[in-house]
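# Remarks on the overall topology
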Amino acid sequence: MKHLLVYLFLFLSVFTNAQSPTLPIIPIPQKITPKVGQFELNAQTTLRFDLNNEQIALASNYFNQWLSKHAGYSLSTGKQNKNAILLELTPGVSQAEGYRLQITGDQIKIQAWQPAGLFYGIQTLIQLFPIQAAAVTKLAAVDIEDHPAFAYRGAMLDVGRYFFPVEQVKAFIDMLARYKINRFHWHLTEDQGWRIEIKKYPKLQEVSAWRKESIVGHYNSTPRKFDGQKHGGYYTQEEVKDIVEYARKRFITVIPEIEMPGHAQAAIAAYPELGCLDTKLEVGTVWGVSKNVFCPNEATFTFLENVLTEVMALFPSPYIHIGGDECPKDQWKTNATAQAIIKREKLKDEHELQSYFIRRMEKFLNQHGRQIIGWDEILEGGLAPNATVMSWRGTEGGIEAAKQGHDVIMTPTSYCYLDYYQSLHADEPLAIGGFLPLEKVYSYNPIPTELNAEQAKHILGAQANLWTEYISTESKLQYMFSPRAQALAETTWSGESRKNFPDFVQRLTVHLQRWKKEGYNFGNHLYDVKAQAKVAGNGVKLDASNPAQQGTIRYSNNGSNPTASSPVVDATQAITQSGKYVFQTFQDGQPIGRSASLELSFHKAAGKKITLNSEPAKQYSAGGPGSIINGVFGSDQRFNDAEWLGFSGKDFSAVIDLGKSNSLKQLKLRFFNNPGQWVYAPKDVKVSWSNDGINFGKSQSSQVNAGTDKIVPLNLALKNAKGRYLKLEVSNYGEIPAGAPGAGSKAWLFVDEIVIE
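So, a few notes on the structure that sits alongside this text.

Definitions and cut-offs
Residues numbered from 1 in each chain as written. Predicted model: local features only at pLDDT ≥ 70, side-chain atom pairs only at ≥ 80, totals over all residues. Heavy atoms only, no water. Helix = DSSP H or I, 4+ residues; strand = E, 2+ residues; numbered from the N terminus. Rg over C-alpha atoms; globule rule 2.2 N^0.38 Å. Buried < 20%, exposed > 50% of the residue type's maximum accessible area, 1.4 Å probe, protein only. Contact = heavy atoms within 4.5 Å. Areas by Shrake-Rupley, 256 points an atom, 1.4 Å probe, with all protein chains shown as cover. Salt bridge = Lys/Arg side-chain N within 4 Å of Asp/Glu carboxyl O. 1 Å grid on protein atoms, 1.4 Å probe; cavity = no way out; pocket = protein on both sides within 12 Å on 5 of 7 lines; lining within 4 Å. Points joined across faces, edges and corners; volume = space filled by probe spheres on them. Nonpolar A, V, L, I, M, F, W, Y, C, P; charged D, E, K, R; others polar.

### Some thoughts on the overall build of the protein
Scanning the protein from terminus to terminus reveals 18 helices and 35 strands. Against the 2.2 N^0.38 benchmark of 27 Å for 757 residues, the protein shows a C-alpha radius of gyration of 29 Å, consistent with a compact globule. Reported as C-alpha extents along the three principal axes, the dimensions of the protein are approximately 95 × 75 × 50 Å. A buried classification covers 58% of the 757 residues belonging to the protein. Contacts spanning at least 24 positions in sequence make up 71% of the contacts within the protein whose residues lie at least 6 apart. Of the accessible surface of the protein, which amounts to about 30700 Å², a share of 49% is contributed by carbon and sulfur atoms.

Rendered as structure tokens:
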């Protein structure tokens with residue numbers, strides 16, 4: 001009776017909101033029609049399907065295994081039409097992976113054109129079960145018609161940085177299957193580890209699969225610290241076959257990635273003749289981009305062809321991913337063999353040499369009936385004829401490739417990199433950087449507006465990427481992956497027309513309960529408060545929300561935890577009191593989610609009008625110009641908290657209108673300084689003042705002395721300064737010096753709160 005009441009409640013919401021039925025299904029099906037009645041599933045229920053069809057049997061076996069694990073029994077096959085689950089292949093369901101699920105009082109019928117559709121119908125059926133399955137389950141009648149918006153729905157797991165055992169890889173695949181993700185991109189080789197057995201080259205197992213130690217903390221921390229512990233491992237060919245077969249039984253294609261020409265240091269450590277240097281290398285122990293790349297000599301091509309021959313024998317996937325990203329050309333520029341090839345092949349430069357490298361490997365794979373996928377750097381120097389591009393450095397690479405008539409998989413960092421922080425709370429576990437909350441992942445549309453209808457056909461789908469530099473355990477892998485991967489799964493399966501974030505959140509809460517019961521770790525930030533002090537009009541106002549857009553957010557201004565009777569955040573009310581503001585979501589009088597706090601300190605510029613003469617980078621402008629005069633200092637550890645403004649290769653210039661003439665005593669500024677991430681404190685600062693905002697006749701300047709700390713403060717005492725307008729000019733560091741990460745590129749400049757006293 002308890003389970004029946006749960007589903008009667010859910011269907012009540014269906015009838016009150018027919019446009020968006022609220023069933024706990026992710027991804028949301030294309031069409032849901034509630035019916036009258038209910039089906040009772042018990043140990044006497046039978047499964048009916050074509051026993052001679054092995055792939056239908058896969059779907060049936062999956063359901064029986066799930067039922068046995070969660071309800072304690074499995075179903076036998078039978079012929080009766082009543083109290084049965086029917087699995088049927090029919091041309092009536094035209095979409096390749098589509099299905100129709102009908103639940104009536106007599107039976108459950110799942111129909112599909114292909115066995116994969118039956119499997120996806122079973123996934124939907126499983127999600128309709130109560131969280132606590134029982135010997136008798138009553139399922140409300142419904143008619144669901146469903147199919148995917150995109151053919152390619154992917155997830156990538158990097159095992160090169162940290163090795164994950166076979167059972168953990170299978171658990172990862174299980175989560176993909178539950179949410180109708182049909183491509184598992186397996187990143188198998190890296191500078192820090194080679195993870196697949198190649199019988200022709202045993203040193204790949206003996207040497208390349210192991211590194212002597214790993215970084216403790218972030219790559220950009222100085223001085224770097226190491227754990228002193230050997231790390232590694234590899235998958236035997238038998239284990240690879242087992243994993244590929246395990247995925248096949250879940251209708252998932254495994255796409256292996258063998259990196260080239262870059263990210264090759266582990267292989268070169270075992271076989272030095274593959275590299276460009278005479279010196280002996282070791283397997284990489286630091287993250288980032290290694291300059292040690294494959295030399296484009298015949299030994300390398302023979303090695304890679306032999307490796308790929310063994311790889312193709314293990315993976316039936318029509319695609320083989322050959323990497324192609326982040327390949328420094330430094331060693332090629334001084335290598336005699338590389339330069340001889342450039343001359344012989346009449347290539348323009350080292351970028352065209354990389355294209356030559358990729359084209360040669362593509363030709364080899366094409367001859368064996370396979371196609372290549374490469375990261376969007378393979379566009380540089382000319383794209384290989386039949387290549388599919390995986391666009392990660394934004395969407396530009398994908399747009400360019402689609403316009404050239406190439407197939408594209410969209411996976412831009414700003415929407416699809418699940419190794420980025422999902423929350424800005426101080427207690428978040430260490431991540432590579434960036435900020436990618438659940439709602440932003442969900443908002444992604446893989447079809448760029450720059451493409452016309454014909455070009456858009458080349459967008460095969462999208463992929464979530466999980467790089468593991470800072471993910472060494474299965475628990476953290478789960479935390480970073482879910483629920484953001486499920487948000488992207490809904491994007492790629494359901495499509496833009498079916499997406500609704502508040503509805504997704506309502507359905508997701510049921511899945512969070514399932515995961516918790518199963519012992520699966522996940523990131524739950526639905527009710528975590530995001531708070532900002534915003535400059536609006538002539539004052540500072542509080543803005544607070546949570547991703548779920550539910551509950552009531554209350555605050556205190558004295559550092560104490562808010563209570564159910566604390567004031568409610570009012571975004572229309574200006575505040576003038578300094579203090580530590582703490583924000584908390586309340587639901588039914590109880591606090592839920594994590595709180596947020598802002599330390600507000602009012603000064604002459606706080607809440608005033610500011611005009612920027614130089615535009616910040618889009619991804620580091622979320623707080624708007626007012627974020628640097630709102631009375632709140634940015635994080636001492638991160639520059640992505642909406643309190644810092646970031647400028648890529650630009651100077652910073654702004655004018656602040658104080659409203660009336662003031663005697664100005666002191667200017668305080670803070671800059672972020674993290675050369676490892678291409679972020680540098682500026683060279684100098686100039687401040688001038690005026691009463692009309694036009695003629696800034698008087699000024700003071702100061703050099704900025706940056707040490708090794710992340711935060712570089714500047715306190716400038718102003719002499720005889722008086723005016724209504726204050727102009728600030730900050731000079732970008734300029735070109736990043738040789739030997740530093742990003743050498744030759746323009747530095748980033750990050751500016752924090754401008755304090756005027």
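### Here's the deal with the pattern of salt bridges
Within the structure shown, the criterion is met by 33 salt bridges. One salt bridge connects Lys530 with Glu439, and the closest N-O pair in it is separated by 2.3 Å. Of this pair, Lys530 sits in strand 22 (residues 530-535) while Glu439 sits in helix 14 (residues 438-442); the two residues are 91 residues apart in sequence, bridging distant segments of the chain. With relative accessibility at 30%, the residue Lys530 sits in the partly exposed group. Among the residues examined, Glu439 registers a relative accessible area of 24% and is labelled partly exposed.

### Let's talk about empty space enclosed by the protein
By the definition in use, this model includes 3 cavities of 30 Å³ or more. Taken as a whole, the largest cavity holds about 70 Å³ of empty space. Considering the residues around the largest cavity, the lining is formed by Gln422, Pro437, Leu438, Glu439, Pro483, Gly523, His525, Leu526, Lys530 and Pro547. When its residues are assigned to classes, the lining of the largest cavity shows 5 nonpolar, 3 polar and 2 charged. Empty space within the second largest cavity amounts to approximately 50 Å³. If you go around the second largest cavity, the residues you meet are Arg153, Gly154, Ile181, Ala462, Ala464, Ala485, Leu488, Ala489 and Thr492. For the lining of the second largest cavity, the secondary structure elements donating two or more residues are strand 8 (152-158), strand 21 (459-466) and helix 17 (484-494). The element contributing the most residues to the lining of the second largest cavity is helix 17, with 4 residues. Partitioned by chemical class, the residues of the lining of the second largest cavity number 6 nonpolar, 2 polar and 1 charged.

### Let's talk about the environment of Gly382
Looking at where Gly382 falls in the secondary structure, it is placed in the loop between strand 18 (371-375) and strand 19 (388-391). Take Gly382: its relative accessible area is 23%, and that puts it in the partly exposed class. Here the alpha-carbon distance between Gly382 and Gln354, two residues 28 residues apart in the chain, equals 9.1 Å. With sequence-adjacent residues up to four places away left out, Gly382 is seen in contact with Ser355 and Arg359.

Taken by themselves, the reported measurements are silent on function.
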